[in-house]
Amino acid sequence: MQLEFWKRIKEEITIWRVGALPGILAIALVMATRITGSMQSLEWLVFDSFLRLRPQESIDERIIIIGINEEDISRINTYPIPDKELAILLRKLYSLSPREIGLDIFRNLPVEPGHSELVTAFQNFKNVIAIEKVLPEQVPPPLGLPTEKVGFVDQIIDTDGKLRRSLLATPTTKGYKFSLSLKLATAYLKQEGFHLENGIHDENTVRFGKTEFPRFLSNSGSYVQADDGGVQVLLNFRIGEERFRTLTLHDIKTGNFQPEWIRDRIVIIGVVASSVKDWITTSTISSTKPAPGRVYGVEVLAHTTSQIISSVLDKRVLLQTWSEGWEYLWILSWGLLGIVFARLTKSPFINLLAVVFASINLVFASYIFLIVWGLWVPIVPTILVLVLNGFGMTALYQYDQALRSRMNAHLALIERTFETIHNGPLQTLAKTLKCIKDRDLPPNELVPQLETELEKLNYELRGIYEFLQQEPITQGSCLYLRKGLLLNLKAPIHEVLYQVYNSTLERDFPCFKTLRVKIRTFDPVSDRYLSVEQKLGLCRFLEEALCNVGKHAKGVTRLEVTCTSYEGWCTLSIVDNGLGINSSKEGRGTQQFRNLAKQLKGKYRRSPRFPKGTLCELSWPLTRFCYC
């Protein structure tokens, strides 16, 4: 039993190996392709699509944008915006008590008239933060402003020209500097009791209280050897028709707004005129203006500032990724699942349904990971290995199964042919050789006898040849006994066994000539759960047992053959009173019938009778669950 178990395990491992080795190779190939960055653009596309498909978010009223548009520039009738206009705007806003003001307009050089007024405004208004550019080309801030009142506005663009991450802090030749968004958020959160600190789990990142910002690394997500200098985070744009309240310069001048919109808020001033071209391309959101795929720089600052504040105060998720090891384990797991589908599904259609269903679940799970936990998991390489292994390995397994079926059919044909020859021509040949060996007949009688037996042998061999020329379907459902006699194995088992009994006893075996009493009983028994192969095995068992009686049971006078059922078991028994063969060595027939009994979950025995005779018996259960 244990040997059989390990044999089945070994066979199963051999079958699994057919698809497992190519499947693992496919997984390794996809991983290698991803490592080289060849999938980066496609993964970015899926990532952007997932972000764009998130549920709509409400407007963040803590931030307001003052956007100087084309109409404002036309009314001023000049560009750049003069310092005087900015000074007037800052005074007006300051009188409304905003918590912090960010000026997203470069003022490294005076723009007259009104430069002195703007300098005075910078000096008097402590909650105004101006901008500079630090990487790679530098644009200095307004002269005379202290470092704490300046933030950089540099953005890092991906190789496809899209913005997906935000630079919060970076080392420069003039010391460590912070972005305008981080400074605005820091000033706002300070009044809420949160202070900017180094991270705990990652001391190179930033945190406010218990909210630590996942730092972007060079191989985060689908990125490959990206620039991860400074403190970068994946940019989590707000999703919605209106993300922030936006006013124009003209609105502020004419008072076309509610003062509470500005009081205790963060105000960011910038240009939203298409002629200025202060925009950045992204696929995650659309611009508030008709510029497909473009978002104005002031809007980007608002999104980054809102991301920091919302994550601390509202527990809004921060975008993050797994470590590389977990990502590739995720890909490996789905690739192995594809191999399992290919091995366990029995038809291409079922396999197609399984792979499609798994792919849908994978996409849905990845989407849930992103919107609930902000976790960006690999999708493109994962689906690729699932589909490659799910479909590709199915073809391998189907081919292997077809090949094994042909081999098994070939072996079965060889086995059945041998059984037919063994129970027919070989028996005749054995009888002929026995005549020669025993020398019981004088030469003048022996030669005619040999001629008769050889003609019979020739007749039987030709009959087998004609049988083998028939269609495989006919061969599979019939039992060949002799030329002109084919038994339909689809008939009830007791009828087939009775025909085998009659045909075998008609054969010219020496011991049959001494038979005086023949008892036969073939009761109708259920063969509902017997396969054609099993019925064939039972017929060969009866034929072999009767042939042994005809050849070896010297002095036999009584033969009893019964096939009966009792208490859920069926028993086919052959009992004679001849001398028989007394040998402990098992022949091929005995081994074959033991295997048949094991297949039927039954019992086989062959034992001598007292004072003489032999019992040959095969029994099997009639219930369905006993078959494997």
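Residues numbered from 1 in each chain as written. Predicted model: local features only at pLDDT ≥ 70, side-chain atom pairs only at ≥ 80, totals over all residues. Heavy atoms only, no water.

## Things to note about the side chain of Asn351
- Note on placement: Asn351 falls in helix 10 (residues 348-373).
- On the basis of relative accessible area, Asn351 is assigned to the buried category, the value being 2%.
- Residues contacting Asn351, with those up to four places away along its chain left out, are Phe341, Ala342, Thr345, Gly390, Phe391 and Thr394. (Helix = DSSP H or I, 4+ residues; strand = E, 2+ residues; numbered from the N terminus. Buried < 20%, exposed > 50% of the residue type's maximum accessible area, 1.4 Å probe, protein only. Contact = heavy atoms within 4.5 Å.)

## A word on the packing of aromatic side chains
- Per the counting criterion, the structure on display carries 21 aromatic pairs.
- Following the ring pairs from residue to residue traces out a cluster consisting of Trp44, Phe47, Phe216, Tyr223 and Trp376.
- Residue placement shows Arg34 over the ring face of Tyr328; its charged tip is 5.4 Å from the ring centre.
- Here Arg245 stacks its cationic end above the ring of Trp261, 4.5 Å away from the centre of that ring. (Phe/Tyr/Trp six-rings, centres within 6.5 Å; stacked < 30°, edge-to-face > 60°. Lys NZ or Arg CZ within 6 Å of the ring centre and 35° of its normal.)

## Quick word on the packing of helix 15 (residues 493-505) against helix 16 (residues 532-552)
- Across the interface, helix 15 lies against helix 16 with an axial gap of 10 Å and an inter-helix angle of 25°. With respect to helix 16, the element helix 15 is oriented roughly parallel. The two elements helix 15 and helix 16 cross, and the hand of that crossing is right-handed. Of helix 16, the residues touching helix 15 (which contributes Ile493, Val496, Leu497, Val500, Tyr501 and Thr504) are Lys535, Leu538, Cys539, Leu542, Glu543, Leu546 and Cys547.
- Its residues assigned to classes, the contact of helix 15 with helix 16 shows 10 nonpolar, 1 polar and 2 charged. (Axes fitted to C-alpha atoms, helices over the stretch in contact; angles between N-to-C directions. Parallel < 35°, antiparallel > 145°, perpendicular 65-115°, else oblique. Left-handed = near helix turned anticlockwise from the far one by under 90°. Nonpolar A, V, L, I, M, F, W, Y, C, P; charged D, E, K, R; others polar.)

## A closer look at the pairing of strand 19 (residues 517-522)
- Alignment of strand 19 against strand 20 (residues 558-566), held across 6 bridges, turns out to be parallel. Looking across to strand 20, one finds that Arg520 is bridged to Val561. (Pairing = 2+ DSSP bridges.)

## Thoughts on helix 15
- If you check helix 15, its first and last C-alpha atoms are 18 Å apart, about what 13 residues at 1.5 Å a residue would give, namely 18 Å.
- The set of residues buried in helix 15 consists of Ile493, His494, Val496, Leu497, Val500, Tyr501, Ser503, Thr504 and Leu505. (Expected span 1.5 Å × (residues − 1).)

## Looking at the sheet that holds strand 23 (residues 614-621)
- Taken in spatial order, the 5 strands of this open sheet run 19-20-21-23-22, and their pairing is mixed. Both edges of this open sheet fall to strand 19 and strand 22 (603-608), since each of them pairs with a single strand only. Taken pair by pair, the neighbouring strands of this sheet meet at an average axis angle of 10°, ignoring direction.
- Lying on the sheet, helix 15 is in contact with strand 19, strand 20 and strand 21 (569-576); it crosses strand 19 at an angle near 160°.
- Each of strand 19, strand 20, strand 21, strand 22 and strand 23 is contacted by helix 16, which is oriented at about 15° to strand 21, the strand it contacts most.

The analysis is restricted to geometry; functional conclusions fall outside its scope.
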